[in-house]
Amino acid sequence: MTPKETSLLAAKAASEKKASDIVIMEMTELTSTTDYFVISSANTATQVRAIADNVEEKLAEAGKEMLHEEGHREGEWILLDFGDVVVHVFRQDAREFYALEQLWADAKLETYED
């Protein structure tokens, strides 16, 4: 599975749990640590965790091993690191505060719509 295919699968898994404002950012020209960010939002900590759990499950079914996870307990911002793809699931207010799309404004950004 290519990094692009992995990012699309992660976005689809987030969408299945009603994530909003899903974007895929190509990071290949900006950092050597990952190829793509997948960013999505949710309204509650419970929904943030449900989205992250579904992404983890769907990527595991596809043979992608998660290397690291942060933030699951708090449910404000969960980061799932799959190596070539890093998934960020935010509560909406946290996403606005951290503004990754602005921080990495030079990245190619694609809006995901299922």
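Asker: Just to check I follow, could you spell out the pattern of salt bridges for this structure?
Answerer: Summed over all chains, the structure comprises six salt bridges. Note that Asp93 and Arg91 form a salt bridge whose closest N and O atoms lie 3.6 Å from each other. On the basis of relative accessible area, Asp93 is assigned to the partly exposed category, the value being 43%. Between Arg95 and Glu101 there is a salt bridge, with its nearest N and O atoms 2.3 Å apart. Its relative accessible area of 7% is what places Arg95 among the buried residues. On the basis of relative accessible area, Glu101 is assigned to the partly exposed category, the value being 22%. Residues participating in the shared-partner salt-bridge network are Glu76, Arg91 and Asp93.

Asker: What am I meant to see in the packing of aromatic side chains here?
Answerer: Note on aromatic pairs: each is described by the distance of the centres and the angle between the planes. Counted according to the given criterion, the structure contains five aromatic pairs. With centroids separated by 4.9 Å and ring planes inclined at 90°, the aromatic side chains of Phe97 and Tyr98 adopt a geometry described as edge-to-face. A residue is classified by how much of its surface remains accessible, and Phe97, at 67% relative accessible area, is exposed. A residue is classified by how much of its surface remains accessible, and Tyr98, at 41% relative accessible area, is partly exposed.

Asker: Got a minute to help me understand the nonpolar core in this structure?
Answerer: Among the nonpolar cores identified, the biggest contains 22 residues, and Ile22, Val38, Ile51, Val55, Leu80 and Val87 are the most heavily contacted of them. Those elements giving two or more residues to this core turn out to be α1 (3–16), β1 (20–26), β2 (36–42), α2 (45–61), β4 (77–81) and β5 (85–91). At five residues, α2 tops the list of elements feeding residues into this core. In this view, Ile22 contacts Ala11, Ala14, Ser15, Val38, Ile39, Ser40, Glu110, Thr111 and Tyr112; residues no more than four positions away in its chain are not counted. The next biggest cluster of nonpolar side chains, apart from the first, holds ten residues, and it includes Met25, Met27, Phe37 and Ala107.

Asker: Quick question: what am I supposed to make of α1 here?
Answerer: Owing to its 3.6 residues per turn, the α-helix aligns residues three or four sequence positions apart on the same side. Its 14 residues give α1 an end-to-end C-alpha distance of 20 Å, which sits within 8% of 20 Å, the value for a rise of 1.5 Å per residue. The complete set of buried residues in α1 reads Thr6, Ser7, Ala10, Ala11, Ala13, Ala14 and Ser15. In this fold, the buried residues of α1 make contact with β1, β2, α2 and β5.

Asker: What is the right way to look at the sheet that holds β2 in this model?
Answerer: What holds strands together in a sheet is hydrogen bonding between their backbones, with the strands either parallel or antiparallel. Taken in spatial order, the six strands of this open sheet run β3-β4-β5-β2-β1-β6, and their pairing is mixed. The open sheet is flanked by β3 (68–70) and β6 (108–111), the only strands paired with a single partner. When strand polarity is set aside, the average angle formed by the axes of neighbouring strands in this sheet is 15°. Of the strand pairs in this sheet, β4 and β5 are connected by five bridges, and their pairing is antiparallel.

Parameters and conventions
- Residues numbered from 1 in each chain as written.
- Predicted model: local features only at pLDDT ≥ 70, side-chain atom pairs only at ≥ 80, totals over all residues.
- Heavy atoms only, no water.
- Salt bridge = Lys/Arg side-chain N within 4 Å of Asp/Glu carboxyl O.
- Buried < 20%, exposed > 50% of the residue type's maximum accessible area, 1.4 Å probe, protein only.
- Phe/Tyr/Trp six-rings, centres within 6.5 Å; stacked < 30°, edge-to-face > 60°.
- Core = buried A, V, L, I, M, F, W, Y, C linked by side-chain atoms within 4.5 Å.
- Helix = DSSP H or I, 4+ residues; strand = E, 2+ residues; numbered from the N terminus.
- Contact = heavy atoms within 4.5 Å.
- Expected span 1.5 Å × (residues − 1).
- Pairing = 2+ DSSP bridges.
- Axes fitted to C-alpha atoms, helices over the stretch in contact; angles between N-to-C directions.

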